[in-house]
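The chain contents come next:
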Amino acid sequence: MADEPRTDDDLARAIDENAEAEHALRSAAHGGLDDADADRLRDLQVERDRLFDLKRQRQAQRDAGHDPGEAHERDAGTVEGYRQ
């Protein structure tokens, strides 16, 4: 993401926009994605993972009594490499 969300509302809005973009892409594909659409879908999924990671970081900062604004978006390699 070029601009990190600055507030919880910004973050929620970014997550919603991401989900809407994914839904639109899937709806337009009618069950079949070409390579470009499949790449875009993967990008959207990674972006959403990064957004949710940032959301969790902000909550952890808040729970620890710190400023949630100190949380920062992590790179895709870090977020996608987490063990479930």
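Please refer to the structure higher up on the page.
Residues numbered from 1 in each chain as written. Predicted model: local features only at pLDDT ≥ 70, side-chain atom pairs only at ≥ 80, totals over all residues. Heavy atoms only, no water.

Secondary structure assignment for the protein yields 3 helices and 0 strands. In the protein, the succession of helices and strands from N to C terminus is α-α-α. Counting only C-alpha atoms and orienting by the principal axes, one finds that the protein spans roughly 45 × 25 × 20 Å. Going through the 84 residues of the protein one by one, you find that 27% of them count as buried. In the protein, the proportion of contacts linking residues at least 24 apart, taken out of those at least 6 apart, comes to 53%. Surface accessibility of the protein: about 5,800 Å² in total, with carbon and sulfur atoms responsible for 45%. With 13 positive and 23 negative side-chain charges, the protein shows a separation of 4 Å between the mean positions of the two kinds. (Helix = DSSP H or I, 4+ residues; strand = E, 2+ residues; numbered from the N terminus. Buried < 20%, exposed > 50% of the residue type's maximum accessible area, 1.4 Å probe, protein only. Contact = heavy atoms within 4.5 Å. Areas by Shrake-Rupley, 256 points an atom, 1.4 Å probe, with all protein chains shown as cover. Lys, Arg positive; Asp, Glu negative; His and termini not counted. Charge placed at Lys NZ, Arg CZ, Asp CG, Glu CD.)

Moving on, we come to the packing of helix 1 (residues 8–29) against helix 2 (residues 35–63). Look at helix 1 against helix 2: their axes get within 10 Å of each other, and the N-to-C directions meet at 160°. Accordingly, the angle class assigned to the pair helix 1 and helix 2 is roughly antiparallel. The way helix 1 lies across helix 2 gives a crossing that is left-handed. Split by residue class, the contact of helix 1 with helix 2 holds 11 nonpolar, 2 polar and 10 charged. (Axes fitted to C-alpha atoms, helices over the stretch in contact; angles between N-to-C directions. Parallel < 35°, antiparallel > 145°, perpendicular 65-115°, else oblique. Left-handed = near helix turned anticlockwise from the far one by under 90°. Nonpolar A, V, L, I, M, F, W, Y, C, P; charged D, E, K, R; others polar.)

With that settled, consider the side chain of E73. For E73, the position within the fold is in the loop between helix 2 and helix 3 (76–80). On the basis of relative accessible area, E73 is assigned to the buried category, the value being 13%. One polar contact links E73 to R50, side chain to side chain, over a distance of 3.0 Å. (Polar contact = N/O pair within 3.5 Å; in protein donor to acceptor, adjacent residues only side chain to side chain.)

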